[in-house]
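# Observations on the three-dimensional arrangement
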Amino acid sequence: MNIGILISGRGSNMIAIADAVESGEIGGSEVAVVISDKSDAAGLGKARERGIKTSVIERNGRTREEHDAEIIAELRKNEVELVCLAGYMRLLSAGFIRSYPNRIVNIHPSLLPSFRGLDAQKQAIEYGVKVSGCTVHFVDEDLDNGAIILQRTVEVLDDDTAETLSARILEQEHAAYVEAVRRIAARDLWINGRRTVLIAEA
Ligand code: GRF
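Reference entry: report on the structure contained in this document.

Time to look at the packing of helix α1 (residues 12-22) against helix α6 (residues 162-185). The interhelical angle for the contact between α1 and α6, taken along N-to-C directions, is 45 degrees, at an axis separation of 9 Å. As judged from the angle between their axes, α1 and α6 are oblique. Where α1 crosses over α6, the two elements pack in a sense that is right-handed. Where α1 approaches α6, its residues Ser12, Asn13, Ala16, Ile17 and Ala20 are matched on the opposing element by Leu170, Glu173, His174, Tyr177, Val178 and Val181.

Tallying each qualifying case throughout the model produces 2 aromatic pairs. Ring geometry for Phe96 and Tyr100: centres 6.4 Å apart, planes at 55 degrees, overall tilted. Here Phe96 falls in the buried class, since its relative accessible area comes to 0%.

What follows deals with helix α2 (residues 42-49). Among the residues making up α2, those that are buried are Gly43, Leu44 and Ala47. Angular distribution of buried residues about the axis of α2 spans 105 degrees; they occupy a single face of the element. Lining the buried residues of α2 we find β1 (2-7), α1, β2 (30-36) and β3 (54-56). Following α2 by one or two positions, Gly51 adopts a phi angle in the positive range, close to 75 degrees.

Around the ligand sit Arg10, Gly11, Ser12, Asn13, Gly87, Ile107, His108, Pro109 and Glu173, and those are all the residues in its vicinity. Gly11 places a main-chain nitrogen or oxygen 2.8 Å from an oxygen atom of the ligand. In the complex, the protein chains occlude 85% of the 370 Å² of accessible area that the ligand would expose alone. Mapped onto the shell around the ligand, the elements with two or more residues apiece are α1 and β5 (104-108). Class assignment of the residues belonging to the shell around the ligand gives a composition of 2 nonpolar, 5 polar and 2 charged. When residues of the shell around the ligand are assigned to domains, at least three map to each of domain 1 (1-100) and domain 2 (106-202).

In this section: the nonpolar core. Grouped together as the largest cluster of nonpolar side chains are 45 residues, with contacts concentrated most on Ile5, Ile17, Cys84, Ile149, Tyr177 and Val181. Per-domain counts for this core show at least three residues from each of domain 1 (1-100) and domain 2 (106-202). Look past the residues within four positions of Ile5 in its chain and what remains in contact with it is Met14, Ile17, Val31, Val33, Val34, Ile35, Cys84 and Ala86. Formed by 18 residues, the second largest nonpolar core is a distinct cluster that contains Val80, Val83, Ile104 and Val139.

This next bit is on the pairing of β2. Burial runs high along β2: 6 of the 7 residues are buried. Where β1 and β2 come together, 6 bridges link them in parallel fashion. Across the sheet, Gly4 pairs through a bridge with Val33, a residue of β2. Viewed along the sheet, the connection from β1 through α1 into β2 turns out right-handed. As paired strands, β2 and β3 are joined by 3 bridges and run parallel to one another. Its bridge partner being in β3, Ser36 is matched across the sheet by Val56. Between β2 and its parallel partner β3, the chain crosses via α2, and the hand of that crossover is right-handed.

Scanning the model with the defined rule gives 0 disulfides in all. The thiol of Cys134 is unpaired, and the distance to the nearest cysteine sulfur, on Cys84, comes to 14 Å.

Note on placement: Val21 falls in helix α1. A relative accessible area of 14% means that Val21 is categorised as buried. Spatially, the C-alpha atom of Val21 lies 32 Å from that of Asn60, the residues being 39 residues apart in sequence. The contact partners of Val21, leaving out residues within four places of it in the chain, are Ile3, Ile26, Ser29, Glu30 and Val31.

Basis of the calculations
Residues numbered from 1 in each chain as written. Predicted model: local features only at pLDDT ≥ 70, side-chain atom pairs only at ≥ 80, totals over all residues. Heavy atoms only, no water. Axes fitted to C-alpha atoms, helices over the stretch in contact; angles between N-to-C directions. Helix = DSSP H or I, 4+ residues; strand = E, 2+ residues; numbered from the N terminus. Parallel < 35°, antiparallel > 145°, perpendicular 65-115°, else oblique. Left-handed = near helix turned anticlockwise from the far one by under 90°. Contact = heavy atoms within 4.5 Å. Phe/Tyr/Trp six-rings, centres within 6.5 Å; stacked < 30°, edge-to-face > 60°. Buried < 20%, exposed > 50% of the residue type's maximum accessible area, 1.4 Å probe, protein only. Arc of directions from axis to C-beta. Near = heavy atom within 4 Å. Polar contact = N/O pair within 3.5 Å; in protein donor to acceptor, adjacent residues only side chain to side chain. Areas by Shrake-Rupley, 256 points an atom, 1.4 Å probe, with all protein chains shown as cover. Nonpolar A, V, L, I, M, F, W, Y, C, P; charged D, E, K, R; others polar. Domains from an automatic or database assignment. Core = buried A, V, L, I, M, F, W, Y, C linked by side-chain atoms within 4.5 Å. Pairing = 2+ DSSP bridges. Right-handed = clockwise from strand over helix to strand, strands pointing away. Disulfide = S-S within 2.5 Å.

Just distances and angles here, no functional claims.
Rendered as C-alpha coordinates:
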(Lines give C-alpha, C1' and ligand atoms only; values in the text may rest on other atoms or scores of the structure.)
Protein backbone atom coordinates (compact mmCIF):
# COMPACT_ATOMS: atom_id res chain seq x y z
CA MET A 1 0.00 0.00 0.00
CA ASN A 2 1.41 3.37 -1.01
CA ILE A 3 1.01 5.86 1.82
CA GLY A 4 1.02 9.65 1.42
CA ILE A 5 1.49 11.70 4.58
CA LEU A 6 0.42 15.34 4.93
CA ILE A 7 2.14 17.46 7.55
CA SER A 8 2.38 21.11 8.59
CA GLY A 9 4.95 20.96 11.40
CA ARG A 10 7.03 18.70 13.61
CA GLY A 11 6.11 15.44 11.92
CA SER A 12 6.60 13.01 14.81
CA ASN A 13 3.56 10.93 13.81
CA MET A 14 4.84 10.88 10.22
CA ILE A 15 8.18 9.55 11.50
CA ALA A 16 6.44 6.90 13.63
CA ILE A 17 4.63 5.64 10.52
CA ALA A 18 7.77 5.83 8.37
CA ASP A 19 9.81 3.90 10.97
CA ALA A 20 7.12 1.21 11.24
CA VAL A 21 7.06 0.85 7.45
CA GLU A 22 10.86 0.65 7.41
CA SER A 23 10.96 -2.04 10.12
CA GLY A 24 8.34 -4.12 8.34
CA GLU A 25 5.75 -3.59 11.09
CA ILE A 26 3.33 -2.23 8.47
CA GLY A 27 3.60 -5.03 5.96
CA GLY A 28 3.81 -4.47 2.20
CA SER A 29 3.67 -0.69 2.49
CA GLU A 30 5.76 2.26 1.50
CA VAL A 31 5.69 5.96 2.33
CA ALA A 32 5.46 7.23 -1.25
CA VAL A 33 5.51 10.94 -0.44
CA VAL A 34 5.38 13.42 2.45
CA ILE A 35 3.62 16.65 1.51
CA SER A 36 3.74 19.82 3.60
CA ASP A 37 1.74 23.00 3.16
CA LYS A 38 4.52 24.85 5.03
CA SER A 39 8.03 25.13 3.59
CA ASP A 40 9.52 25.48 7.09
CA ALA A 41 7.87 22.36 8.57
CA ALA A 42 10.49 20.60 10.72
CA GLY A 43 9.16 17.23 9.59
CA LEU A 44 10.35 17.83 6.02
CA GLY A 45 14.03 17.57 6.97
CA LYS A 46 13.38 14.45 9.04
CA ALA A 47 11.64 12.80 6.08
CA ARG A 48 14.47 13.73 3.71
CA GLU A 49 17.06 12.33 6.15
CA ARG A 50 15.23 9.02 5.86
CA GLY A 51 15.31 9.18 2.07
CA ILE A 52 11.57 9.79 1.79
CA LYS A 53 10.36 11.90 -1.12
CA THR A 54 8.98 15.25 0.03
CA SER A 55 6.95 17.94 -1.64
CA VAL A 56 6.02 21.44 -0.45
CA ILE A 57 2.69 22.73 -1.71
CA GLU A 58 1.91 26.07 -0.08
CA ARG A 59 -1.44 27.73 -0.34
CA ASN A 60 -0.11 31.03 -1.74
CA GLY A 61 -3.44 32.82 -1.61
CA ARG A 62 -5.30 30.22 -3.65
CA THR A 63 -8.71 28.85 -2.73
CA ARG A 64 -8.88 25.67 -0.67
CA GLU A 65 -10.14 23.81 -3.76
CA GLU A 66 -7.25 24.98 -5.95
CA HIS A 67 -4.69 24.14 -3.28
CA ASP A 68 -6.23 20.72 -2.64
CA ALA A 69 -6.33 19.98 -6.38
CA GLU A 70 -2.57 20.40 -6.53
CA ILE A 71 -2.10 18.13 -3.52
CA ILE A 72 -4.38 15.50 -5.07
CA ALA A 73 -2.36 15.66 -8.29
CA GLU A 74 0.85 15.07 -6.31
CA LEU A 75 -0.74 12.15 -4.43
CA ARG A 76 -1.94 10.62 -7.70
CA LYS A 77 1.46 11.10 -9.32
CA ASN A 78 2.92 9.04 -6.46
CA GLU A 79 0.13 6.45 -6.72
CA VAL A 80 -0.92 7.04 -3.12
CA GLU A 81 -3.66 4.72 -1.87
CA LEU A 82 -3.93 5.88 1.74
CA VAL A 83 -3.62 9.50 2.89
CA CYS A 84 -2.49 10.02 6.50
CA LEU A 85 -2.96 13.48 8.01
CA ALA A 86 -0.27 13.93 10.63
CA GLY A 87 -0.46 17.37 12.19
CA TYR A 88 -1.78 18.80 8.90
CA MET A 89 -3.33 22.07 9.99
CA ARG A 90 -5.79 22.68 7.16
CA LEU A 91 -9.33 21.45 6.61
CA LEU A 92 -9.74 19.38 3.46
CA SER A 93 -12.21 20.42 0.76
CA ALA A 94 -15.17 18.18 -0.09
CA GLY A 95 -13.48 17.45 -3.41
CA PHE A 96 -10.40 16.10 -1.65
CA ILE A 97 -12.48 13.84 0.57
CA ARG A 98 -14.48 12.54 -2.42
CA SER A 99 -11.22 11.76 -4.25
CA TYR A 100 -10.15 9.30 -1.54
CA PRO A 101 -13.33 7.74 -0.10
CA ASN A 102 -12.54 6.02 3.23
CA ARG A 103 -8.88 6.42 2.36
CA ILE A 104 -7.99 9.47 4.44
CA VAL A 105 -7.16 9.09 8.12
CA ASN A 106 -6.27 11.55 10.85
CA ILE A 107 -4.99 11.49 14.41
CA HIS A 108 -6.42 13.77 17.06
CA PRO A 109 -5.07 14.23 20.61
CA SER A 110 -8.30 13.61 22.52
CA LEU A 111 -10.92 10.93 22.93
CA LEU A 112 -13.35 12.10 20.24
CA PRO A 113 -16.05 13.33 20.18
CA SER A 114 -14.71 15.30 23.16
CA PHE A 115 -12.44 18.28 22.51
CA ARG A 116 -12.49 18.68 18.75
CA GLY A 117 -10.37 21.32 17.08
CA LEU A 118 -7.25 23.11 18.26
CA ASP A 119 -5.51 22.68 21.63
CA ALA A 120 -7.41 19.52 22.51
CA GLN A 121 -5.06 18.73 25.41
CA LYS A 122 -5.56 22.22 26.92
CA GLN A 123 -9.31 21.85 26.46
CA ALA A 124 -9.18 18.53 28.35
CA ILE A 125 -7.25 20.05 31.27
CA GLU A 126 -9.54 23.06 31.48
CA TYR A 127 -12.66 20.88 31.40
CA GLY A 128 -11.24 18.79 34.21
CA VAL A 129 -11.54 15.32 32.68
CA LYS A 130 -9.61 12.57 34.45
CA VAL A 131 -8.97 10.54 31.32
CA SER A 132 -8.08 11.73 27.85
CA GLY A 133 -6.11 10.16 25.02
CA CYS A 134 -6.02 10.05 21.26
CA THR A 135 -8.20 8.96 18.36
CA VAL A 136 -7.36 7.72 14.88
CA HIS A 137 -10.34 8.22 12.59
CA PHE A 138 -11.40 8.38 8.97
CA VAL A 139 -11.79 11.92 7.68
CA ASP A 140 -15.13 13.22 6.50
CA GLU A 141 -16.32 16.73 5.71
CA ASP A 142 -16.74 17.77 9.34
CA LEU A 143 -13.88 18.61 11.68
CA ASP A 144 -12.56 15.65 13.71
CA ASN A 145 -15.73 13.75 12.95
CA GLY A 146 -15.31 10.62 10.80
CA ALA A 147 -15.65 6.97 11.86
CA ILE A 148 -13.29 6.04 14.68
CA ILE A 149 -10.66 3.39 13.92
CA LEU A 150 -9.10 3.18 17.36
CA GLN A 151 -8.51 5.12 20.55
CA ARG A 152 -5.96 4.99 23.35
CA THR A 153 -6.53 6.43 26.78
CA VAL A 154 -4.18 8.49 28.93
CA GLU A 155 -4.82 9.39 32.55
CA VAL A 156 -4.90 13.12 33.33
CA LEU A 157 -2.84 13.78 36.47
CA ASP A 158 -3.63 16.47 39.01
CA ASP A 159 -0.42 18.35 38.27
CA ASP A 160 -0.60 18.02 34.50
CA THR A 161 -0.12 21.04 32.28
CA ALA A 162 -1.14 21.07 28.63
CA GLU A 163 2.53 20.35 27.84
CA THR A 164 3.00 17.35 30.15
CA LEU A 165 -0.32 15.82 29.10
CA SER A 166 0.49 16.41 25.41
CA ALA A 167 3.80 14.60 25.78
CA ARG A 168 2.16 11.49 27.27
CA ILE A 169 -0.64 11.55 24.70
CA LEU A 170 1.91 11.90 21.89
CA GLU A 171 3.58 8.62 22.90
CA GLN A 172 0.22 6.91 22.58
CA GLU A 173 -0.49 8.69 19.29
CA HIS A 174 2.57 7.15 17.69
CA ALA A 175 1.55 3.63 18.73
CA ALA A 176 -2.10 4.17 17.80
CA TYR A 177 -1.36 5.59 14.35
CA VAL A 178 1.00 2.74 13.49
CA GLU A 179 -1.57 0.18 14.66
CA ALA A 180 -4.38 1.81 12.65
CA VAL A 181 -2.33 2.01 9.45
CA ARG A 182 -1.19 -1.59 9.95
CA ARG A 183 -4.81 -2.73 10.15
CA ILE A 184 -5.82 -0.75 7.09
CA ALA A 185 -2.86 -2.10 5.11
CA ALA A 186 -3.75 -5.63 6.20
CA ARG A 187 -7.37 -4.97 5.10
CA ASP A 188 -8.30 -6.01 8.60
CA LEU A 189 -10.93 -3.37 9.03
CA TRP A 190 -14.54 -3.19 7.99
CA ILE A 191 -16.48 0.07 7.95
CA ASN A 192 -20.16 -0.03 8.81
CA GLY A 193 -21.54 3.52 8.91
CA ARG A 194 -19.91 5.26 11.87
CA ARG A 195 -18.54 2.01 13.20
CA THR A 196 -15.36 0.30 12.14
CA VAL A 197 -15.00 -3.34 13.05
CA LEU A 198 -11.84 -5.38 13.22
CA ILE A 199 -12.47 -8.29 10.87
CA ALA A 200 -10.38 -10.59 13.04
CA GLU A 201 -12.66 -9.81 15.99
CA ALA A 202 -15.99 -9.40 14.16
C1 GRF B 1 -0.43 15.70 17.15
O2 GRF B 1 -0.73 15.94 18.50
C3 GRF B 1 -1.66 15.29 16.40
O4 GRF B 1 -2.56 14.55 17.17
C5 GRF B 1 -2.29 16.61 16.03
O6 GRF B 1 -1.20 17.44 15.74
C7 GRF B 1 -0.03 16.98 16.42
C8 GRF B 1 1.00 16.72 15.37
O9 GRF B 1 2.23 16.35 15.92
N10 GRF B 1 -3.23 16.44 14.96
P11 GRF B 1 3.36 15.78 14.96
O12 GRF B 1 3.57 16.85 13.85
O13 GRF B 1 2.92 14.49 14.39
O14 GRF B 1 4.58 15.67 15.81
